[in-house]
Protein chains: 2
Amino acid sequence: MSTLRGRASPDLILNAAVLGVGMHPGAWRLRREPPATAFTPAYFRRIGELAEAACLHAVFLADTLSVDEENYERPNLGAVDPLLALTLIAGATEHVGLVATASTTFSEPFGLARRFASLDHLSGGRAAWNVVTTFVPAVAANFGSAPLPAPADRYRRAEEFVDVVQALWRSWQADALIGDQESGHYAEATRVKRLNHHGEFFDVAGPLTLPPSPQGEPVLFQAGSSEAGRGLAARTADAVFTAQNTLVAAQAFRRDMRSRVAAAGRDPDRFKVLPGLLAVLGGTEAEARARKARLDELAGDAERRKLALRLGVPVELLQLDAPLPVDAVLANPAFKGAEGFRQAALELGVREGLTVREILYRNGGGHVQVVGTPEQVADHIAHWHREGAVDGFNLMIDVLPDGLEDLVEQVVPLLQRRGLFRDEYAGRTLRANLGLHSQP
Amino acid sequence: MSTLRGRASPDLILNAAVLGVGMHPGAWRLRREPPATAFTPAYFRRIGELAEAACLHAVFLADTLSVDEENYERPNLGAVDPLLALTLIAGATEHVGLVATASTTFSEPFGLARRFASLDHLSGGRAAWNVVTTFVPAVAANFGSAPLPAPADRYRRAEEFVDVVQALWRSWQADALIGDQESGHYAEATRVKRLNHHGEFFDVAGPLTLPPSPQGEPVLFQAGSSEAGRGLAARTADAVFTAQNTLVAAQAFRRDMRSRVAAAGRDPDRFKVLPGLLAVLGGTEAEARARKARLDELAGDAERRKLALRLGVPVELLQLDAPLPVDAVLANPAFKGAEGFRQAALELGVREGLTVREILYRNGGGHVQVVGTPEQVADHIAHWHREGAVDGFNLMIDVLPDGLEDLVEQVVPLLQRRGLFRDEYAGRTLRANLGLHSQP
């Protein structure tokens, strides 16, 4: 079954993932610029221009719809609405893709479908939606009186939500807009379909207000590696964003996803598996380690607390030089967090037997972390790609924008020299650049 | 009571109102460009650049969250999400204000507050929210199974909605963001307030994800001239967008609004009354009339049908050369439309005794219409301003973008030469340019 074996796709995919002012909780203190610059157009413009200059496939924006106690200590990850930040970037760039995270639990499908379709038009066909169901409990309190739903309920809603959004995106056939100014024939009504959707969560008549974009419709990313997340991705998405901490686990995940995509009657070569990868760069390995140590020092206890949240255990249970309290992690039946993050950390704690301190060194905010030289980071990317573990990576930047500058100036040229990464865009749309169908 | 007498504000305010490809239903057929260009970044960029070159106060985007049968005949007015279109314009301009319409009936406050705060930051303090409650029945079916609520219910929700949004915008004190990278003091928690709002319609904990913008918070427009709309505007808004078809009615409306604002304990000189004004321009009056006739011909029956919708009567009741069927209009107890539009048309039908055809000539899609030369349009603006009927106008453009080109090239220079309109921006933010408080 060669199509399922994890055949490497010809083109390595690299996105720049933007989480606030950087993935590391200490990022804001190491930046050259003061914190408030992160809300400015210049900040987002700079990120877009850096990504495009390196021919990265996309800028990928995370989202967090709340500020809690933690965030009085540091910037939160979704201060600015990702769709608006990406529209700003759209105006400052021509080629780079624009992936916005948005929650199916805390929005409704008609408005969301129109916002993404709008970004897709305003960018000339470069938009993507990264579907999440939200695992941060504090978000729920900004959207009503109910607590965060359990994962199974979130995913049941997500399944219907994505179906409605894709149906809205497809409610105008490509040839529906006639636009004949002479005769006055604007749209062919028989080619514009109402949905008249009535489901468990939503009632949506449709059609959408917009015809298809230059890439047909926005690309769909899904972020979530639980059983339910994999199912949703295999059935509906073009790519999955996942946290994989070891080569073996990543290979198994990609094999599994390709198998599920094929079982859903879709082409696994047109489905992309993109784990996160956090690079902490230095001119030498010692310099990289010093940068990491400095960031950890600036962040205080934040990385350990984040790991506790991701594992669903009280932070007190995580002793830095003790093994992971695996029993406590597995004994939490009410876990509402992201299963993928939990599994990724367990992989290190169980299979590799690492201590909490060692896990925190390998697991950068949930994702695999490489602390080293540009060569070492390029080696890691090339190795995982060659071994069929990935179609590419979402590059999680430790500190923004300078961590991105280092990546595009030091790592990307190495990959290009090795013939692993392109030096020009392959097409006009994100869909074309990712090697997906030009039309859905 | 001189503050209530309608003293003209020193600065005439002019916004460019953008409704799809123009206010006139025939606009899309008269445009030089094909219809699909209206979804492109170039279209919005051009509008922003034209408005800014003329020192207009703001680009004002309408919104309609549905496509119905009508819209297979012509573009709808809210195809592209206004907030995203304005973010694109923000990136292409430096001074012009950015007013997006958004409905309190078909959105929720946390996401909306964050989107407007995001636009406000990404534009350097140029954002405004035009509050509407939506009177188009078809919109409801895209957001659930319930029909469009009655006006009183819509406004009860709007009152709470606006309060929550403004509280979110004010949840970070101006000095809350410390941002001391050296000490690690990011935000002063005592200066960031949770709302813990629990109301009839919403439960929202807060705070917002963003600190105040360069203008503090987005400016608030309110569009709606019913009793409930006036009350909401007087209590919460910085400006009201209204349809006034006669000088006398406009004067009375402004007097009433200023009185209500004062009664709410606010400064009426810092509250702006901005009716719409649709200019159909020609080098001579005959040319203007010919342009209007051509547009009407291209639009078919659309203007009459729109008037019927605005009056809440079947289109068959509107005979072009008969008087307005006033009894039928007033006998509709279930009217769900915009009371301001209904009153504006009744003003012409009752007080001035016009036929339907005459009303359609004076009432451009609900707003006062001037078909004439640039001098005649400038005269109308100057006259209403001098007579204390307005603080300025939302200029409704018949055809976009060329109707806006004509306005800024032919009408604005006349007003500048007469000393009525500025030729440079007064401040860095929209709030400053409108002569409002620099901070709320």
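Residues numbered from 1 in each chain as written. Chains lettered and ligands numbered in written order. Predicted model: local features only at pLDDT ≥ 70, side-chain atom pairs only at ≥ 80, totals over all residues. Heavy atoms only, no water.

Going by what an unreviewed UniProt entry lists, chain A is known as FMN-dependent oxidoreductase, nitrilotriacetate monooxygenase family and is assigned to Chitinasiproducens palmae. Check the Sequence similarities (unreviewed entry) section of the UniProt entry for chain A; it says "Belongs to the NtaA/SnaA/DszA monooxygenase family." (UniProt positions renumbered as here; feature names shortened; annotations may be inferred.)

Q: Break down the relation of the copies chain A and chain B for me, with residues and values.
A: Overlaying chain A on chain B yields an RMSD of 0.0 Å, the required transformation being a rotation through 180° with an accompanying axial translation of 0.0 Å. The relationship between the two copies is best expressed as a two-fold rotation axis. A shared interface surface links the copies, since 100% of the contact residues of chain A are contact residues in chain B too. (Least-squares fit on C-alpha atoms with pLDDT ≥ 70 in both. Contact = heavy atoms within 4.5 Å.)

Q: I'd love a proper account of the packing of aromatic side chains, names of residues and values included.
A: All told, the structure shown has 26 aromatic pairs over all chains when counted by the stated rule. Measuring from ring centre to ring centre gives 5.3 Å for A:Phe161 and A:Phe202, while their planes differ by 90°; the resulting arrangement is edge-to-face. On the criterion of sequence distance, the pair formed by A:Phe161 in helix 6 (residues 151-169) and A:Phe202 in the loop between strand 7 (197-198) and strand 8 (203-204) is long-range, its members being 41 residues apart. Side by side, A:Phe161 and A:Phe202 carry an identical accessibility label, which is buried. Summarising the aromatic geometry, the rings of B:Phe60 and B:Phe221 are spaced 5.6 Å apart at their centres and angled 75° between planes, so their arrangement reads as edge-to-face. One end of the pair, B:Phe60, is in strand 2 (residues 58-61); the other, B:Phe221, is in strand 9 (residues 219-223), with 161 residues separating them in the sequence. (Phe/Tyr/Trp six-rings, centres within 6.5 Å; stacked < 30°, edge-to-face > 60°. Helix = DSSP H or I, 4+ residues; strand = E, 2+ residues; numbered from the N terminus. Buried < 20%, exposed > 50% of the residue type's maximum accessible area, 1.4 Å probe, protein only.)

Q: Outline the side chain of A:Thr355, listing residues and values.
A: Assignment of secondary structure puts A:Thr355 in the loop between helix 12 (339-351) and helix 13 (356-362). Here A:Thr355 is in contact with A:Leu320, A:Asp321, A:Ala322 and A:Pro323, once residues within four sequence places are set aside.

Q: Tell me what's going on with the interface of chain A and chain B, and back it up with residues and numbers.
A: Quoted interface sizes are often the accessible area lost when the parts come together. At the junction of the two partners, chain A supplies 72 residues and chain B supplies 72 residues. For the pair chain A and chain B, the summed buried surface comes to about 5,700 Å²; carbon and sulfur atoms form 60% of the total. Its largest share of buried area at the contact with chain B, chain A owes to A:Tyr72, A:Gln181 and A:Tyr186, together 15% of the area lost on that side. On inspection of chain A and its partner chain B, the count reaches 4 salt bridges. A:Arg114 serves as the salt-bridge partner of B:Asp81, at 3.5 Å between the closest nitrogen and oxygen. Taken together, the links from chain A to chain B amount to 22 residue pairs in polar contact (both at pLDDT 80 or more). (Buried area = accessible area lost by both parts, 1.4 Å probe. Salt bridge = Lys/Arg side-chain N within 4 Å of Asp/Glu carboxyl O. Polar contact = N/O pair within 3.5 Å; in protein donor to acceptor, adjacent residues only side chain to side chain.)

Q: Now, about the pairing of strand 10 (residues 239-242) of chain A: what can you tell me, with residues and values included?
A: Burial along strand 10 of chain A is two-sided: the residues A:Ala239 and A:Phe241 and A:Val240 and A:Thr242 are all buried. For the segment spanning strand 10 of chain A, helix 8 (residues 247-263) of chain A and strand 11 (residues 272-281) of chain A, crossover handedness is right-handed. (Right-handed = clockwise from strand over helix to strand, strands pointing away.)

Q: Help me get a handle on the UniProt feature "binding site: FMN" (unreviewed entry) in chain A, residues and values and all.
A: The feature "binding site: FMN" (unreviewed entry), as given by UniProt, occupies A:Asp63, A:Thr101, A:Tyr155, A:Ser225 and A:Ser226 in the numbering adopted here. You can see A:Asp63 is positioned in the loop between strand 2 (58-61) and helix 3 (82-92). In this structure, A:Asp63 is in contact with A:Leu77, A:Gly78, A:Pro82, A:Thr101 and B:Arg114, ignoring residues within four places of it in sequence. Separated by 2.8 Å, the side chains of A:Asp63 and B:Arg114 make a polar contact. The contact partners of A:Tyr155, leaving out residues within four places of it in the chain, are A:Thr133, A:Gln222, A:Ala223, A:Gly224, A:Ser226, A:Ala228, A:Gly229 and A:Leu232.

Q: Would you mind going over the environment of B:Arg342 in detail, with residue names and values included?
A: Residues and elements named next belong to chain B. Mapping Arg-342 onto the fold places it in helix 12 (residues 339-351). On the basis of relative accessibility, which here comes to 10%, the residue Arg-342 falls in the buried class. As for Arg-342 and Val-280, which are separated by 62 residues in sequence, their C-alpha atoms are 22 Å apart.

Q: Which residues make up the pattern of salt bridges, and what values go with them?
A: Scanning all chains against the criterion turns up 60 salt bridges over all chains. One salt bridge in this structure joins B:Arg114 and A:Asp63, with 2.8 Å as the shortest N-O distance. With B:Arg114 in helix 4 (residues 109-122) and A:Asp63 in the loop between strand 2 and helix 3, the pair connects residues from two separate chains. Here A:Arg362 ties to A:Glu352 by a salt bridge, and the two come within 3.2 Å at their closest N and O atoms. One end of the pair, A:Arg362, is in helix 13; the other, A:Glu352, is in the loop between helix 12 and helix 13, and 10 residues separate them in sequence. The partly exposed category is assigned to A:Glu352, whose relative accessible area is 36%. Among the charged side chains, a salt-bridge network with shared partners connects A:Glu227, A:Arg230, A:Asp256 and A:Arg260.

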